[in-house]
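Structural overview
Now for the letters of each chain:
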Amino acid sequence: YRGIGDRLMANLSYNVVGARIITVASGATPNYYLQPQPLLNFNISQELGDRFKVKVSAQNLLNAKYQELVTFKGEEYPVNSFRLGRTFSLGLSYYFTR
């Protein structure tokens, strides 16, 4: 017999990458940079009996802004900016064999 705690799994992850070039321009045209975008995700799952599993996920909890910038003569200009939004999901799995 396994207790409820033996079948519960949870994960919280945070990730951020520094500014990076997304479009390389030629000549005097400046490059486009994608600004850092922190991501926070949470997942939890629980096995129910021997055949079922319930999973809840929450993605992009910080809803950070996606932003592309161009730097020209020391000034930064936004080229593209929007929020992707948060995503929530609920899933139920059934195992035919175990």
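Residues numbered from 1 in each chain as written. Predicted model: local features only at pLDDT ≥ 70, side-chain atom pairs only at ≥ 80, totals over all residues. Heavy atoms only, no water.

**Let's talk about the overall build of the chain**
The secondary structure content of the chain amounts to zero helices and eight strands. Starting at the N terminus and ending at the C terminus, the chain contains elements arranged as β-β-β-β-β-β-β-β. In summary, the chain has a C-alpha radius of gyration of 21 Å against a globular reference of 13 Å for 98 residues, an excess of more than 25%. Taken over the C-alpha atoms alone, the chain extends approximately 70 × 25 × 20 Å along its principal axes. (Helix = DSSP H or I, 4+ residues; strand = E, 2+ residues; numbered from the N terminus. Rg over C-alpha atoms; globule rule 2.2 N^0.38 Å.)

**A closer look at a nonpolar patch on the surface**
A contiguous nonpolar surface patch, about 570 Å² in accessible area, is contributed by Leu48, Phe52, Leu92, Tyr94 and Phe96. Position of Leu92 relative to the elements: it lies in strand β8 (residues 87-94). Under the relative-accessibility criterion, Leu92 is labelled exposed at 60%. (Patch = residues over 30% accessible without salt bridge, like charges linked within 9 Å, V, L, I, M, F, W, Y side chains within 5 Å. Areas by Shrake-Rupley, 256 points an atom, 1.4 Å probe, with all protein chains shown as cover. Salt bridge = Lys/Arg side-chain N within 4 Å of Asp/Glu carboxyl O. Buried < 20%, exposed > 50% of the residue type's maximum accessible area, 1.4 Å probe, protein only.)

**As for the sheet that holds strand β7 (residues 75-83)**
Read across the sheet, four strands follow the order β2-β3-β6-β7 without closing on themselves; strand pairing throughout is antiparallel. Single-partner strands in this sheet number two, and they are β2 (20-23) and β7. Direction aside, neighbouring strands of the sheet carry axes that sit 35 degrees apart on average. Here three bridges tie strand β3 (residues 32-34) to strand β6 (residues 65-72), and the two strands are oriented antiparallel to one another. (Pairing = 2+ DSSP bridges. Axes fitted to C-alpha atoms, helices over the stretch in contact; angles between N-to-C directions.)

**Some points on the sheet that holds strand β1 (residues 8-15)**
A sheet is described by the order of its strands in space; here four strands give the open sequence β1-β4-β5-β8, paired in antiparallel fashion. Edge strands, defined here as strands with exactly one partner in the open sheet, are β1 and β8. Taking the axes of each pair of neighbouring strands and ignoring which way they run, one obtains an average angle of 10 degrees across the sheet. Sheet topology note: the β1/strand β4 (residues 39-48) ladder contains eight bridges and is antiparallel. Counted as the bridge partner of Ala10 is Ile44 from β4.

**A look at the environment of Leu12**
Residue placement: Leu12 occurs in strand β1. Residue Leu12 is classed as exposed on the basis of its relative accessible area of 60%. Taking the C-alpha atoms as reference points, Leu12 and Phe42, 30 residues apart in sequence, are found 4.5 Å from one another. Look past the residues within four positions of Leu12 in its chain and what remains in contact with it is Leu40, Asn41 and Phe42. (Contact = heavy atoms within 4.5 Å.)

**Some points on the packing of aromatic side chains**
Scanning all chains against the criterion turns up three aromatic pairs. Aromatic pair Tyr94 and Phe96: ring centres 5.2 Å apart, planes at 85 degrees, arrangement edge-to-face. (Phe/Tyr/Trp six-rings, centres within 6.5 Å; stacked < 30°, edge-to-face > 60°.)

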